[in-house]
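Results of the structural survey
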Amino acid sequence: MLVLFETPAGFALFKVLDEGKLDKVEDLWKEFTTSDSARRVVELKAFNKFENTSDALSAAALIIDSKPSKGLRKFLQKHCEGETLAVADSKLGNAIKEKLKIDCLHNSAVMELMRGLRNQLTELITGLGAQQLGPMSLGLSHSLSRYKLKFSPEKVDTMIIQAIGLLDDLDKELNTYAMRVREWYGWHFPELTKIVTDNIQYAKVVKMMGNRANAVNLDFSEILSDEEVEAQLKEAAVISMGTEVSDLDLLNIRELCDQVLALSEYRGQLFDYLKSRMNTIAPNLTALVGELVGARLIAHGGSLLNLAKQPGSTIQILGAEKALFRALKTKHSTPKYGLIYHASLIGKASQKHKGKISRSLAAKTALAIRYDALGDGEDNSIGTESRLKLETRLQVLENKEFGKSASATKGKPKIEVYEKDRKKGAGALITPAKTYNPAADVVLGQSTEETPKKSELASKKRKHDEAETALPSEPATEAIQEDGDQEGKKKKKKKSKETEETPAADADGEKKKKKKSKENEDEPAVAAADGEKKKKKKKSGADGEDVAMQTEESGKKDKKKKKKKHADDE
């Protein structure tokens with residue numbers, strides 16, 4: 001068995017003298033403690049030296065990519081016929097086996113053997129000392145670093161960052177120039193602004209037409225695809241309300257139109273360049289979110305490698321930092337998306353599902369960025385697969401929402417209150433409707449016999465209640481009159497007139513009360529003859545009047561007492 005070992009000076013092939021020692025991996029390191037014991041295990045069979053630094057650099061770069069160089073292939077074909085080759089890289093072993101048909105071996109014993117060879121390398125290879133190996137290793141490592149830096153994604157990131165920055169600046173300038181053209185030419189032909197809405201088409205029409213009087217004789221079919229728009233333009237040019245302008249003004253307006261068209265053309269070229277760069281540097285990111293959004297994410301993160309270090313939650317709100325910190329400060333809800341909002345997948349989603357899709361898209365974008373920055377592949381398979389998964393997830397969410405709304409109207413029936421007399425489905429009554437029962441009606445003869453008895457009982461009860469209310473009221477009035485006479489003697493002459501008036505007022509009140517009581521006694525007799533309903537109403541009315549009279553009398557008596565007390569105090 002042979003062992004392939006890479007050194008800064010070249011490739012070395014060692015022959016294993018005792019393959020039985022490879023079975024004891026733990027004790028294999030002890031065999032390489034000294035140079036003599038190492039020579040008993042392996043010996044140098046052949047050595048392929050590099051011609052110069054560039055040859056060493058190209059061979060080392062290919063070895064890193066697990067690819068054998070041309071010199072290595074010739075070296076192995078010459079010395080490895082019918083032998084098993086032990087290699088430190090399994091991918092390199094597979095490549096050698098496919099191209100050279102040489103059996104390769106890679107396991108833990110081989111790795112331990114490589115470790116021992118590295119420890120005794122200068123002793124096993126004659127003519128290669130430690131003083132020469134050190135500078136060779138340093139020089140090769142520096143050359144390899146410069147080679148990697150030249151083609152690293154970080155270095156090319158700067159082109160994407162500059163291109164997207166320039167593209168945004170061009171968009172701003174184009175909008176400013178186009179609005180200036182519309183405003184300037186609008187003094188001469190104001191109706192054209194509403195007829196032609198596109199800025200580039202507007203500039204082309206103004207450049208071709210010049211004065212609006214020339215519109216009738218010109219053909220705008222190359223600029224305006226719609227014939228109706230062209231007809232409207234020619235009609236409006238005839239009846240336009242704009243002012244007349246000189247040829248010098250039209251010349252300056254046309255020059256401004258040339259600037260707008262030149263900027264739009266350069267913007268198209270820059271966008272094509274940015275698209276090609278993004279497909280080369282970050283193909284998976286481009287397939288997932290598009291060229292513009294991917295380039296803005298890289299520009300905001302600083303580089304593709306810096307962006308690969310960010311988690312999906314940071315990528316989701318990248319570009320909405322102000323809103324995030326304002327929400328944290330005011331304790332409001334944080335934003336759900338930043339620059340990633342402009343991706344086409346989020347644009348397809350409804351407002352209710354934008355948050356869910358943006359979170360899922362940010363997670364898939366983080367994986368795609370890491371693969372683009374740190375992976376070996378240059379295809380966009382991960383990006384396309386992730387996009388298909390997200391599209392299916394979006395369809396599932398939208399279909400769920402559609403299914404809920406459809407089931408509310410056509411699908412499952414609404415939950416109704418349970419009724420024992422109703423069927424489950426149709427809602428019809430199980431038992432038939434109840435028929436009219438004439439036996440439950442009140443007979444007219446029975447009602448006429450019962451009514452006079454009830455009216456007599458009610459009249460007797462009412463008379464009894466009136467008698468009870470009249471008895472306590474009379475002695476109360478007599479006691480008040482006696483008190484009034486005693487107090488009237490003690491009063492002065494000035495108050496004598498007031499004391500004389502009070503008994504007269506009491507007498508008048510008693511007369512009124514007696515009259516009303518007589519009226520109330522007569523009313524029940526009349527009410528009994530009228531019927532049950534009228535009798536109840538009269539009774540309630542009479543009771544209300546009695547209560548009102550009692551309250552009035554008690555109020556008058558209280559006033560008289562207060563006046564008497566006031567007079568005594570004086």
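Read on for a plain summary of the structure. The shown structure was predicted, so the numbers you read here are calculated from the model rather than taken from an experiment.

1. Let's talk about the overall build of the chain
Looking only at helices and strands, the chain features 23 helices and five strands. Looking at the chain residue by residue over its 570 residues, the buried ones come to 32%. For the chain, the share of sequence-separated contacts (at least 6 apart) that also reach a separation of at least 24 residues comes to 65%. Working note: accessible area of the chain is about 37400 Å², and carbon and sulfur atoms make up 53% of it.

2. Observations concerning the packing of aromatic side chains
A full pass over the atoms with the stated rule returns two aromatic pairs. Between the aromatic rings of F11 and F50, the centroid separation amounts to 5.4 Å while the plane-to-plane angle is 80°, which identifies the pairing as edge-to-face. Taken together, the residues span a long stretch of sequence, with F11 in strand β2 (residues 10-16) and F50 in the loop between β3 (42-49) and α2 (53-64) at a distance of 39 residues. On the basis of relative accessibility, which here comes to 3%, the residue F11 falls in the buried class. By relative accessible area, which is 13% here, F50 ends up buried. Aromatic pair Y337 and Y341: ring centres 4.8 Å apart, planes at 45°, arrangement tilted. When its relative accessible area of 21% is taken as the criterion, Y337 is described as partly exposed. Just above the ring of Y202 sits the side chain of R182; from NZ or CZ to the centre is 4.5 Å.

3. Focus: empty space enclosed by the protein
Applying the stated rule across the entire model yields two cavities of 30 Å³ or more. Considering only enclosed or pocket space, the second largest cavity measures out at about 30 Å³ in volume. In terms of lining, the second largest cavity is formed by A178, V181, R182, N199, Y202, A203 and V260. Mapped by element, the contributors of at least two residues to the lining of the second largest cavity are α8 (153-185) and α10 (199-209).

Rules used throughout
- Residues numbered from 1 in each chain as written.
- Predicted model: local features only at pLDDT ≥ 70, side-chain atom pairs only at ≥ 80, totals over all residues.
- Heavy atoms only, no water.
- Helix = DSSP H or I, 4+ residues; strand = E, 2+ residues; numbered from the N terminus.
- Buried < 20%, exposed > 50% of the residue type's maximum accessible area, 1.4 Å probe, protein only.
- Contact = heavy atoms within 4.5 Å.
- Areas by Shrake-Rupley, 256 points an atom, 1.4 Å probe, with all protein chains shown as cover.
- Phe/Tyr/Trp six-rings, centres within 6.5 Å; stacked < 30°, edge-to-face > 60°.
- Lys NZ or Arg CZ within 6 Å of the ring centre and 35° of its normal.
- 1 Å grid on protein atoms, 1.4 Å probe; cavity = no way out; pocket = protein on both sides within 12 Å on 5 of 7 lines; lining within 4 Å.
- Points joined across faces, edges and corners; volume = space filled by probe spheres on them.

All quantities given are derived from atomic positions and should not be read as evidence of function.
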